[in-house]
Amino acid sequence: MARNPWLRDRLPRLRFARRAVRRFMPGEDAESALTAAKGFEADGITVMFTRLGENVTKIEEGDVVAEHYLGLMDTIAERGLDGEVSVKLTQLGYDIDRDRSLAHCERLAEKAALSGRTLWVDMEGSDYVDGTIDLYERLHAAHANTGICLQAYLHRTAADIQRLLPQNPAVRLVKGAYAEKATIAYQKRPEVDANYVALAIAMLEGIRAGHTVTIGLGTHDVELVEQIAEHAVALGLDRRAFEVEMLYGIRSGEQRRLAKAGYRVRDLIAYGEAWYPWYMRRLAERPANVLFALRQLLP
Ligand SMILES: Cc1cc2nc3c(=O)[nH]c(=O)nc-3n(C[C@H](O)[C@H](O)[C@H](O)COP(=O)(O)OP(=O)(O)OC[C@H]3O[C@@H](n4cnc5c(N)ncnc54)[C@H](O)[C@@H]3O)c2cc1C
């Protein structure tokens, strides 16, 4: 459904769908996201912003997104928010002109550095993994304040982590949100979970071995987070060796509980009009969310 153009054009116009998506995003405009961010401060939870959209087809659209993020970063700094930005390369025109999308990332990283923040690059479907890692390596070589997302469902990710560790990377580890083939990706949840823990441990061991690795655990799987925290302690590190990152509206109580228990917690707040494919991936992650969406049809 995430890739169905007919639904992508029509569903977002329906009132019930707009109502349902509110569960995962405070609003379509940046101001709603900025306002929501303020609300997390009292709980000691920091934030990350992402404007939804992917695979732009005109290079100018990517330019507009880059300008938008530059402005957003100014506002984040002006308001004194502990907020970072995460971008999708295909929203910055990567499909049309890779060098231009890299140049956009460089400008964004420079801007983020002014307020001591990290610029994050999302990971998209498997066709983009090689290109995203290559681009990240070029970006990171000149801008240390940049991070990349890697997906635990892919068989290749263990090797990608070993490749990146000597470069002192920032890595957000997620399970992976796209439908990938069994030839390249683990399909069963226990396999993905086991790989997730193994990859997190590989990064913690990287820290022990003297690399500077900034780790974000992008998951709502609190059991995994707690397991990884135990491994960190066993390695002589502590739970603050990594940050826990969750999506706005998902397991909010757990986000607050973890922050209270001394974990570093960051909430990813999405906004923007192009929410359709992103929202479909959220529904696919949890069937109960489909029921929630359908309930919005009721008066
Ligand atoms: C900060 C962040 C950034 C991300 N960036 C990327 C990216 O760049 N590329 C990418 O491929 N993926 C990204 N993802 C998505 C990720 O790959 C997973 O698809 C998503 O996080 C669901 O997996 P999970 O780790 O929460 O584990 P799951 O095994 O799916 O869920 C664990 C538990 O969390 C709860 N939960 C999980 N999802 C939901 C939901 N939608 N609604 C309600 N409860 C839920 C459930 O109780 C579930 O039992 C990101 C996720 C986060 C949190």
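Predicted model only: the values in this text are computed from it and were never measured.

## Here's the deal with helix α8 (residues 189-208)
Its 20 residues give α8 an end-to-end C-alpha distance of 29 Å, which sits within 8% of 28 Å, the value for a rise of 1.5 Å per residue. Within the sequence span of α8, burial applies to V192, D193, N195, Y196, V197, L199, A200, I201, A202, M203, L204 and G206. Looking one or two residues past α8, G210 carries a phi angle of roughly 105°, positive in sign.

## Regarding the sheet that holds strand β1 (residues 46-51)
Read around the barrel, eight strands follow the order β1-β2-β3-β4-β5-β6-β7-β8 and close on themselves; strand pairing throughout is parallel. In this sheet, adjacent strand axes meet at a mean angle of 30° when their direction is disregarded. As judged from the five bridges shared by strand β7 (residues 242-247) and strand β8 (residues 264-271), these two strands associate in the parallel manner. When the bridges of β8 are listed, E245 appears paired with R266. Of the strands in this sheet, β1 and β8 are in contact with helix α3 (residues 30-40), which crosses β8 at around 160°. On the sheet, helix α9 (residues 222-234) packs against β6 (214-218) and β7 and is oriented at approximately 175° with respect to β7.

## A few points about the packing of aromatic side chains
Within the structure shown, the criterion is met by three aromatic pairs. Aromatic side chains Y94 and Y128 sit 6.0 Å apart centroid to centroid with 65° between the ring planes, which places their arrangement in the edge-to-face category. Of the two residues, Y94 sits in the loop between β2 (83-87) and α5 (98-114) while Y128 sits in the loop between β3 (119-121) and α6 (129-142), which places them 34 residues apart along the sequence. According to the relative accessible area criterion, Y94 is buried, its value standing at 4%. In this structure Y128 comes out as buried when scored by relative accessible area, which is 19%. With a centroid separation of 6.2 Å and 45° between ring planes, the pair formed by F242 and Y263 is classed as tilted. Of this pair, F242 sits in strand β7 while Y263 sits in the loop between α10 (252-260) and β8, and the two are 21 residues apart along the sequence. Take F242 and Y263: they sit in the same class, and that class is buried.

The rules we used
Just so you know, the residues in each chain are numbered from 1, in the order the chain's sequence is written. Where totals are concerned, whole chains, interfaces and linings use all residues; where local detail is concerned, this predicted model gives features only for residues with pLDDT of at least 70, and gives and counts side-chain atom pairs only at 80 or more. The basis for every side-chain value is the complete set of non-hydrogen atoms in the structure, without hydrogens or water. Under the DSSP-based scheme used, a helix requires at least four consecutive residues in state H or I and a strand at least two consecutive residues in state E, with every element numbered from the N terminus. In a helix, the anticipated span is given by 1.5 Å times the number of residues less one. Residue exposure (1.4 Å probe, protein chains only): buried if accessible area is under 20% of the type maximum, exposed if over 50%, otherwise partly exposed. Two strands qualify as a pair provided DSSP detects at least 2 bridges between them. Interaxial angles span 0 to 180 degrees and are taken between N-to-C directions of axes, which are lines fitted to C-alpha atoms, for helices over the stretch in contact. In what follows, residue pairs with any heavy atoms lying within 4.5 Å of each other are defined as contacts. Aromatic rings from Phe, Tyr and Trp, with only the six-membered ring used for Trp, were paired whenever their centres fell within 6.5 Å, and each pair was classed as stacked if the ring planes differed by under 30 degrees, edge-to-face if by over 60, and tilted otherwise.

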